[in-house]
Amino acid sequence: MRRQGKRKIKIGVLLSLACTLLAAQPVYGTDWDYVGEVDPFTGLPKDTPLDQSVRVQLGDNMYYDRELGMFAYPISGTENAEIDATVADGMVTTDPVSVTIPEGTSCTLYRNGDALSAIDFTNITEAGKYVLSLPSENGQLDKILSFTVVGEQTCLLSEYSMPDGFKITGATCDEEEVEWNENYVSLDKEGFYCITYECPKTGFYYELATTVDRTAPALKLENVKNGKAKGPVDISDVEDGAAVRIALDGKEINYSKVLNQSGNYKILLSDPAGNTTTYNFTILVYFDTNSMAVAGVMVLLVIALIVYLMLVRKHLKVR
């Protein structure tokens, strides 16, 4: 999420005013310390000046276009063609991502290493790690930008390294501050993270808020021993919010709290953070109350048939 930073612009030409501003607090609106020269007219650190131009260069091949409100990536070998995106190269976001591709440009978008087809570039929302590539003159694929989309919960993040031109201003996990520097923060623990960062050249502030969850969903499957069950299998302990897919002998079936049909089962669990667990087991042929009752009836019918045949045979002998 992007926020426009509040800046106090002080204009003056008197030496006394300039001296006052030099001693003033930094003006980014956050609690951070700066040691160095300050511009007497803007109050900004001289080593990170605000670039008021329409097009601000942030990296070797990345610009921010103030008119478009997007990050621009020029396509090499062309005069003016470029790819525009709502994210910077290397950014992590919880918001939908929009990418504008010039007409006639051939490109490939990968998600978690798999090439996507029929993708809506204007509304990329599915969680995953994305890479956008273009074919180069030598036939290879050149990466244009990469980004990560996460939800309110995610298992994808273990760290966050700042994109070119950005720096971290704060980081907490479960509302307690964690170690960080301007370029990097580790997300090694599970919990709710809030990371604030800024782009000094554009004057925009950003925030990443998400819960890191790497604990995979689980089932007890108490009746399954060594991959086999001699009776029904209870799977009613599925966690709230978890998705369940069940296949019996290779064919997907609807969810049921109790599985009682004999055969080979495969269960895939996934939680909102993206963690997955797979179970494979076999329910052997068994007799439950209903099947035993049916079997009992069949046995009685067979006995009755045998007795009937014996009586008929005896009657024929008598005659």
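Data block above holds the structure.
All values derive from a computational prediction rather than experimental measurement.

Procedures and definitions
Residues numbered from 1 in each chain as written. Predicted model: local features only at pLDDT ≥ 70, side-chain atom pairs only at ≥ 80, totals over all residues. Heavy atoms only, no water. Helix = DSSP H or I, 4+ residues; strand = E, 2+ residues; numbered from the N terminus. Contact = heavy atoms within 4.5 Å. Pairing = 2+ DSSP bridges. Phe/Tyr/Trp six-rings, centres within 6.5 Å; stacked < 30°, edge-to-face > 60°. Buried < 20%, exposed > 50% of the residue type's maximum accessible area, 1.4 Å probe, protein only.

> I'm lost on the environment of M162 in this one. Help?
Mapped onto the secondary structure, M162 falls in the loop between strand 13 (159-161) and strand 14 (167-173). Sequence separation of M162 and M91 is 71 residues, and the distance between their C-alpha atoms is 7.2 Å. Other than its neighbours up to four places away in sequence, M162 contacts K167, I168, E182, N183 and Y197.

> Is there a simple way to think about the sheet that holds strand 10 (residues 128-135) in this case?
Strands belonging to one sheet form pairs held by backbone hydrogen bonds; the direction of such a pair is parallel or antiparallel. If you trace the five strands from one edge of the open sheet to the other, you get 6-11-10-8-9, paired in mixed fashion. With one partner strand each, in any of the chains shown, strand 6 (91-93) and strand 9 (114-115) form the two edges of the open sheet. Pairing of strand 10 with strand 11 (residues 141-149) involves eight bridges; the strand directions are antiparallel. In the sheet register, G128 faces strand 11, and the bridge partner there is V149.

> Just to check I follow, could you spell out the packing of aromatic side chains for this structure?
Between two aromatic rings, the relevant description is the distance of the centres plus the angle of the planes. The full count for this structure, using the stated rule, is nine aromatic pairs. Ring centres of F166 and Y206 lie 5.4 Å apart, and the angle between their planes is 65°; on these two criteria the pair is classed as edge-to-face. Of this pair, F166 sits in the loop between strand 13 and strand 14 while Y206 sits in strand 18 (residues 204-212), and the two are 40 residues apart along the sequence. Looking at F166, the relative accessible area reads 4%, which means it is buried. For the ring pair Y197 and Y206, a centre distance of 5.5 Å and an interplane angle of 15° mean the geometry is stacked.

Functional significance is not addressed by these values, which are geometric in nature.
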